[in-house]
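Here is what each chain is made of, one letter per residue.
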Amino acid sequence: MKCPFCGEDDTRVIDSRPADDNTSIRRRRHCDKCQKRFTTYEKVEVIPFMVIKKDMERQPYDRSKIEDGILRSFHKRQVSPEEMQNLVDRVESKIFGQERKEIPSSYIGELVMDELKELDAVAYVRFASIYREFKDVGTFMEEIKKIIDK
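Residues numbered from 1 in each chain as written. Predicted model: local features only at pLDDT ≥ 70, side-chain atom pairs only at ≥ 80, totals over all residues. Heavy atoms only, no water.

1. Concerning the packing of aromatic side chains
In total, this model carries 3 aromatic pairs according to the counting rule given. Ring centres 4.8 Å apart and planes at 25° place the aromatic pair F49 and Y61 in the stacked group. Of the two residues, F49 is situated in the loop between strand 3 (37–43) and strand 4 (50–52) and Y61 in the loop between strand 5 (58–60) and helix 1 (63–73); the sequence distance between them amounts to 12 residues. Under the relative-accessibility criterion, Y61 is labelled buried at 18%. Between F49 and F96, the aromatic rings sit 5.8 Å apart at their centres with planes inclined by 85°, giving edge-to-face as the arrangement. With F49 in the loop between strand 3 and strand 4 and F96 in helix 2 (residues 81–97), this residue pair connects regions lying 47 residues apart in the sequence. The exposure class assigned to F49 is buried, which follows from its relative accessible area of 5%. For F96, a relative accessible area of 27% gives the class partly exposed. The aromatic ring of F5 is capped on one face by K36, whose charged end is 5.1 Å from the ring centroid. (Phe/Tyr/Trp six-rings, centres within 6.5 Å; stacked < 30°, edge-to-face > 60°. Helix = DSSP H or I, 4+ residues; strand = E, 2+ residues; numbered from the N terminus. Buried < 20%, exposed > 50% of the residue type's maximum accessible area, 1.4 Å probe, protein only. Lys NZ or Arg CZ within 6 Å of the ring centre and 35° of its normal.)

In C-alpha cells, the structure reads:
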C-alpha cells in the first residue's frame, strides 16, 4: 500500500481488526521511510448491478442515494450516525444477498422502509411520504394509522 504522505510503495501493517460489523477490516499501517502512520479499510468487492427505476430506466447502484434518503428522514431525530450507517449496511446486505444483476428500486425502497419502521416511526413516515408519493393528507393519515395500530 502506497504511503499517502511520502508516496513510498512499501508500508507495513502494524494492526488489523474487524470493522463495520465484520464487513471490512481496518488496518493501521506504518511507513518506514517517513515514519508516519495511516489507516486503510479492506472490503469485499461486490459485483456492480443495475437498479431499475419506476420509469424502467436503469442506473448503476449507488449506496449514497440510500444514505441521502435516510439522512433526510432522520433530520432532527435522535439517531446516531452509527445507527444510520448500520441501517444502510443491513439494507445493502439484503440487496447483495439477492445475487441478481438488476434490482427494482421498489424492492430497495421497501427494504429501507422496513428498517426505518423498526428504528424510528417519524423517519419511516417521512421516507414513506416521499417514496410512496402521498397525494393528500388522507393517504398520509392512513400510513400513520398503520403504525399506531401496531
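2. Some thoughts on the pairing of strand 3
With 7 bridges joining them, strand 2 (residues 24–31) and strand 3 adopt antiparallel strand pairing. If you follow S24 over to strand 3, its bridge partner there is K43. (Pairing = 2+ DSSP bridges.)

3. Some thoughts on the sheet that holds strand 6 (residues 102–104)
Strand-to-strand pairing in sheets goes through backbone hydrogen bonds, with the strands running parallel or antiparallel. In space, the 3 strands of this open sheet follow the order 5-4-6, with mixed pairing throughout. Two strands in the sheet have a free side with no partner beyond their single neighbour: strand 5 and strand 6. On average, each strand axis in the sheet is tilted by 35° relative to the strand beside it, whichever way the strands run. Note that strand 4 and strand 5 share 3 bridges and pair antiparallel. The residue of strand 5 that forms the bridge with I52 is R58. Its contacts with the sheet place helix 3 (residues 105–119) against strand 4 and strand 6, and it is angled at close to 60° to strand 6. (Axes fitted to C-alpha atoms, helices over the stretch in contact; angles between N-to-C directions. Contact = heavy atoms within 4.5 Å.)

4. What about the environment of V125?
One can find V125 in helix 4 (residues 121–131). It is 24 Å that separates the C-alpha atoms of V125 and Y61, two residues lying 64 residues apart in sequence. In contact with V125, not counting residues within four places along its chain, are F140, I144 and I147.

5. So, a nonpolar patch on the surface
A cluster of nonpolar residues, V137, F140 and M141, forms a patch on the protein surface that exposes about 270 Å² of accessible area. Tracing the backbone shows F140 in helix 5 (residues 137–148). Take F140: its relative accessible area is 30%, and that puts it in the partly exposed class. (Patch = residues over 30% accessible without salt bridge, like charges linked within 9 Å, V, L, I, M, F, W, Y side chains within 5 Å. Areas by Shrake-Rupley, 256 points an atom, 1.4 Å probe, with all protein chains shown as cover. Salt bridge = Lys/Arg side-chain N within 4 Å of Asp/Glu carboxyl O.)

6. Section: the nonpolar core
Counting 25 residues, the largest nonpolar core has I66, I70, F74, I95, V112 and L116 as its most contacted members. At the level of secondary structure, the elements contributing two or more residues to this core comprise helix 1, helix 2, helix 3 and helix 4. Top element by residues in this core is helix 4. It accounts for 6 residues. The residues touching I95, leaving out its near neighbours within four places in the chain, are F49, Y61, I66, I103, I108 and L111. (Core = buried A, V, L, I, M, F, W, Y, C linked by side-chain atoms within 4.5 Å.)

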